[in-house]
Amino acid sequence: MTVYNFNPGPATLPSVVLEQAQAALVDWQNLGISILEVSHRSPEFKALADASVQDLRELLAIPQSYKILFLPGGGRSQFAMVPLNLLGKKNRADYLDTGIWSRIAGAEGTRYGHIHWVASNKEQPGVIPPPESWNTHPEAAYFHYVDNETIEGVEFPYIPPITSVPLVADMSSNFLSRTFPITSFGLIYAAAQKNAGPAGITVVILHESLLGKALPMTPSMFNYTLHAHAHSLYNTALTFNWFVTHLVFKWIQQQGGVAALEKINQRKSAKLYAYIDQSSLYENSVDPRYRSRMNVVFHLTAPQLEPKFLHAASDERLLGLKGHTLVGGLRASLYNALPEAGVDKLIEFMKEFERVN
Ligand SMILES: *Cc1c(COP(=O)(O)O)cnc(C)c1O
């Protein structure tokens, strides 16, 4: 029986990518040694690094004025790197609170400067406060928000209309799921393990004008400028993770690019939400305008049945449907590599579970 993996991250990867990674674990590029054994300073690895930057530039139409970095430390390191590198002399930044990841990012920022919350959806978790209500500060060094809140399943349907200061986005859980104009942003970052590769490596795309402003206390390993000058080979890079992430870029090219996947992603989530909305057993409480296409968060109107639901789903080889421990309930993560057939099978399973319960 086909296994469908709805895990939020680490998450499903295309099977062809896993097969290519498997082969390279034994012998990469006929070098006779594993990708794990190749020097990050070798010409072969440098070619891979350059190709991955070039492929990402093409996938997202990123101009040369933006640097593309592949950094260690996951998404959470960016919660510190962003303020350390961008706060500068202003020493204050605007943060928008749309969920748990927003709050963790802002809390980390307070270690380095003044973090000003422009608005919060704490009282109304399924809604994004409208831009007219944002209390922005003219002297902010940047504006930070989370494009897709992975835990609550809340996603921006538009780019925040911030033009007077650099716009910074955490795109960890929807990166490469749709096209967007990078030129609206000063910086975006994405931990790879949701939609772009294995855990540990993080893609950072930033405008070159933001380099050279790190606070003096910034650890070298957290300095964007050092990483940019070294083409992300400042320290021993996460060679294997980088390699697999590049394989995912190649896979996206073969699927017709990000725009082609965007259409499928739209269809996948729309059919699952449509089924949930007409059902009396399942419920999603996010305002339809802000529903995530990547993480469909739902619960049972009879919550005592949730363990039984998860058990029966796993018998059908539908894995990873448990909601985040902080919010409970259920969650189906529908990243690029989760095929539409997996969503169809999940809906069939949910129908049958509803019928017999
Ligand atoms: C997963 C996630 C993170 C954290 O990534 P780590 O690699 O675990 O540090 C940050 N932001 C968002 C939106 C996420 O989904």
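What you see is a predicted model, and the numbers here were worked out from it, not measured in a lab. (Residues numbered from 1 in each chain as written. Predicted model: local features only at pLDDT ≥ 70, side-chain atom pairs only at ≥ 80, totals over all residues. Heavy atoms only, no water.)

Visitor: Just to check I follow, could you spell out the site of the ligand for this structure?
Guide: Close to the ligand lie 14 residues; Arg-76, Thr-150, Asp-170, Gln-193 and Lys-194 are nearest. The separation between an oxygen atom of the ligand and a polar main-chain atom of Gly-75 is 2.9 Å. One of the backbone N or O atoms of Arg-76 is found 2.8 Å from an oxygen atom in the ligand. A total of 390 Å² of accessible area belongs to the ligand in isolation, and the protein chains cover 87% of it. Top contributing element to the shell around the ligand by residue count: helix H3 (residues 74-86), with 4 residues. (Near = heavy atom within 4 Å. Polar contact = N/O pair within 3.5 Å; in protein donor to acceptor, adjacent residues only side chain to side chain. Areas by Shrake-Rupley, 256 points an atom, 1.4 Å probe, with all protein chains shown as cover. Helix = DSSP H or I, 4+ residues; strand = E, 2+ residues; numbered from the N terminus.)

Visitor: What is the right way to read unusual backbone geometry from this model?
Guide: As a rule of thumb, non-glycine residues mostly have phi less than zero, and peptide bonds are mostly trans rather than cis. With an omega dihedral of 0 degrees, the bond running from Gly-9 to Pro-10 counts as a cis peptide bond. As for its position among the elements, Pro-10 is in the loop between strand S1 (4-5) and helix H1 (15-26). The phi dihedral of Ala-61 falls on the positive side, at around 50 degrees, and the residue is not glycine. Within the chain, Ser-232 stands out as a residue other than glycine whose phi angle is a positive 65 degrees. Relative to the helices and strands, Ser-232 resides in the loop between helix H5 (224-229) and helix H6 (239-254).

Visitor: Just to check I follow, could you spell out the pairing of strand S5 (residues 143-146) for this structure?
Guide: The two faces of the sheet receive side chains in turn, since in a regular strand these alternate between them. Alternating residues of S5 divide into Phe-143 and Tyr-145 and His-144 and Val-146, and every residue in both groups is buried. With 2 bridges joining them, strand S3 (residues 92-97) and S5 adopt parallel strand pairing. Counted as the bridge partner of Tyr-95 is His-144 from S5. Here S5 pairs with strand S8 (residues 167-170) via 4 bridges, running parallel. Looking across to S8, one finds that Val-146 is bridged to Asp-170. (Buried < 20%, exposed > 50% of the residue type's maximum accessible area, 1.4 Å probe, protein only. Pairing = 2+ DSSP bridges.)

Visitor: Would you take a moment to explain the pattern of salt bridges for this structure?
Guide: Opposite charge on two side chains permits them to pair, given that their charged atoms come into close proximity. Tallying each qualifying case throughout the model produces 13 salt bridges. For the salt bridge of Arg-111 with Glu-108, the shortest nitrogen-to-oxygen distance reads 3.6 Å. For the salt bridge of Glu-348 with Lys-351, the shortest nitrogen-to-oxygen distance reads 3.6 Å. Here Glu-348 and its partner Lys-351 are both found in helix H9 (residues 340-356), 3 residues apart, which amounts to about one turn of the helix. (Salt bridge = Lys/Arg side-chain N within 4 Å of Asp/Glu carboxyl O.)

Visitor: Any chance you could explain the environment of Leu-13 here in plain terms?
Guide: Here Leu-13 shows up in the loop between S1 and H1. The spatial distance from the C-alpha of Leu-13 to the C-alpha of Ala-196 is 8.2 Å, given a sequence separation of 183 residues. Beyond its immediate stretch of four places on either side in the chain, Leu-13 contacts Leu-18, Gly-197, Val-248 and Ala-337. (Contact = heavy atoms within 4.5 Å.)

Visitor: Explain the packing of H3 against helix H4 (residues 100-109) here, please?
Guide: The axes of two packed helices give the description: the angle between them and the distance between them. Put simply, H3 and H4 touch, their axes get as near as 8 Å, and they point 45 degrees apart. One way to sum up the angle between H3 and H4 is to call them oblique. In this structure, H3 crosses over H4, and the sense of that crossing is right-handed. Only Trp-101, Ile-104, Ala-105, Glu-108 and Gly-109 of H4 make contact with H3, whose side of the interface consists of Arg-76, Phe-79, Ala-80 and Pro-83. A class-by-class count of the residues in the contact of H3 with H4 yields 6 nonpolar, 1 polar and 2 charged. (Axes fitted to C-alpha atoms, helices over the stretch in contact; angles between N-to-C directions. Parallel < 35°, antiparallel > 145°, perpendicular 65-115°, else oblique. Left-handed = near helix turned anticlockwise from the far one by under 90°. Nonpolar A, V, L, I, M, F, W, Y, C, P; charged D, E, K, R; others polar.)

Visitor: How do you make sense of the sheet that holds strand S11 (residues 282-283) when you look at a structure like this?
Guide: Backbone-to-backbone hydrogen bonds pair the strands of a sheet. The strands run either parallel or antiparallel. Ordered by their spatial adjacency, 3 strands build an open sheet running S11-S12-S14, and the pairing between neighbours is antiparallel. Single-partner strands in this sheet number two, and they are S11 and strand S14 (330-333). Contacting S11, strand S12 (295-300) and S14, helix H8 (residues 306-315) crosses the sheet at an angle of about 125 degrees to S12.

Visitor: How should I be thinking about the pairing of S14 in this particular structure?
Guide: Neither face of S14 is open: one carries Leu-330 and Ala-332, the other Arg-331 and Ser-333, and all of them are buried. Bridge analysis of S12 against S14 gives 4 bridges, and the strand direction is antiparallel. Residue pairing in the sheet places Phe-298 in a bridge with Leu-330 of S14.

Visitor: What is the right way to look at the side chain of Asn-265 in this model?
Guide: Its location among the elements puts Asn-265 in helix H7 (residues 258-278). Among the polar contacts listed, one links the side chain of Asn-265 to the side chain of Asn-336, at a separation of 2.9 Å. Residue contacts for Asn-265: discarding those within four places in its chain leaves Ser-177, Arg-293, Met-294, Leu-334, Tyr-335 and Asn-336.

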